[in-house]
Amino acid sequence: MDLARLQASFHKIFPQADTSQLIAVRAPGRVNLIGEHTDYSDGFVCPMAIDRSTVILATPRADGIVRMHSDSAKAAGATPQGETVEFSILSEVPHTPPAWSLYPKGSAEAIRRRVAGLTVGMDALVDSDIPLGGGLSSSASFEVATGMTLLTLNHKQMPLEELALACQWAEHHYPHMPCGIMDQFISAMGQKGHALLLDCRSRETRQVPLNDPELRVVISNSNVKHDLVAGEYAGRRHQCEAALSYLHRKNPDLTSLRDA
């Protein structure tokens, strides 16, 4: 991603911002090598981060206001110049449109609830080269990048597992997407040259080296868009829950499909 281009855009969108404190935060998208619809069933997944990401350029604001401009929002139906939203982190962040803003708003609220003394807002420009609706976790990447940016500007720290869980909470409560923990975990914890083996019950993780020089992972974009909130993902999760309910009647000791 062209940081020089983003910096030039930042100056135009936020001409009054003090760019001496400008920071850049990046969170990657992901592809999953194995383990589909198993994260919310307490199973195992093995995703890897990819070379597509969400990048946020930001400067701090002492008033707790977050002004965020999304260059990517134009792809989601906003104006050709993108779209800017504004909210405060000094009180509960509202569930207000546009739809794309629910991801950073949810992330900001999740961090606000978990970190004491979060008072510094930001002027922020966000852009992403992850195909929207392409199944590569553009939403989790956006949430993790927002959380990391707010933590950095407020000089706060949070364990990566807690950051990932906070961002999962954000997706559940703001865009109301009933996702598991895989996407946020790999976006927060992904390491170059590795996949991440994640036990979704214990949340134990292990970095798996992908160091075979003959190995190539090819991601093919079908250009078919999906809507996770209204689409088949939630339906498949309900089916898994219904299957568990049926099996539980047969065997009350079962607490997840993993146990079956």
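Enquirer: Quick question: what am I supposed to make of the packing of aromatic side chains here?
Expert: The relation between two aromatic rings is expressed through the spacing of the ring centres and the mutual angle of the planes. Under the criterion given, the structure shown has 4 aromatic pairs. Plain terms: the ring middles of Trp100 and Phe142 are 6.3 Å apart, the flat faces sit at 10° to each other, and that makes the pair stacked. Of this pair, Trp100 sits in the loop between β5 (83-88) and α2 (102-114) while Phe142 is found in helix α3 (residues 138-153), placing the two residues 42 residues apart along the sequence. By the burial criterion, Trp100 is buried, and Phe142 matches it. With a centroid separation of 6.2 Å and an interplanar angle of 50°, the aromatic rings of Trp169 and Tyr174 are classed as tilted. Judged by relative accessible area, Trp169 falls into the buried class, the value being 16%. Assessed through its relative accessible area of 2%, Tyr174 is described here as buried.

Enquirer: Is there a simple way to think about the nonpolar core in this case?
Expert: Soluble globular proteins: nonpolar side chains tend toward being buried together. Ranked by internal contacts, the top residues of the largest apolar core, which has 46 residues, are Met68, Ile111, Met122 and Phe185. Top contributing element to this core by residue count: helix α4 (residues 160-173), with 7 residues. Excluding its chain neighbours within four sequence positions, the residues that come into contact with Met68 are Ile56, Glu83, Thr84, Val85, Trp100, Pro104, Met122, Ala124, Val126, Phe142 and Thr146.

Enquirer: Can you help me understand a nonpolar patch on the surface in this one?
Expert: Residues Leu33, Ile34, Leu215, Val217 and Ile219 make up a contiguous nonpolar surface patch of roughly 420 Å² in combined accessible area. Within the element layout of this structure, Leu215 appears in the loop between β8 (205-209) and α6 (232-250). Residue classification places Leu215 among the partly exposed positions, given a relative accessible area of 39%.

About the cut-offs
- Residues numbered from 1 in each chain as written.
- Predicted model: local features only at pLDDT ≥ 70, side-chain atom pairs only at ≥ 80, totals over all residues.
- Heavy atoms only, no water.
- Phe/Tyr/Trp six-rings, centres within 6.5 Å; stacked < 30°, edge-to-face > 60°.
- Helix = DSSP H or I, 4+ residues; strand = E, 2+ residues; numbered from the N terminus.
- Buried < 20%, exposed > 50% of the residue type's maximum accessible area, 1.4 Å probe, protein only.
- Core = buried A, V, L, I, M, F, W, Y, C linked by side-chain atoms within 4.5 Å.
- Contact = heavy atoms within 4.5 Å.
- Patch = residues over 30% accessible without salt bridge, like charges linked within 9 Å, V, L, I, M, F, W, Y side chains within 5 Å.
- Areas by Shrake-Rupley, 256 points an atom, 1.4 Å probe, with all protein chains shown as cover.
- Salt bridge = Lys/Arg side-chain N within 4 Å of Asp/Glu carboxyl O.

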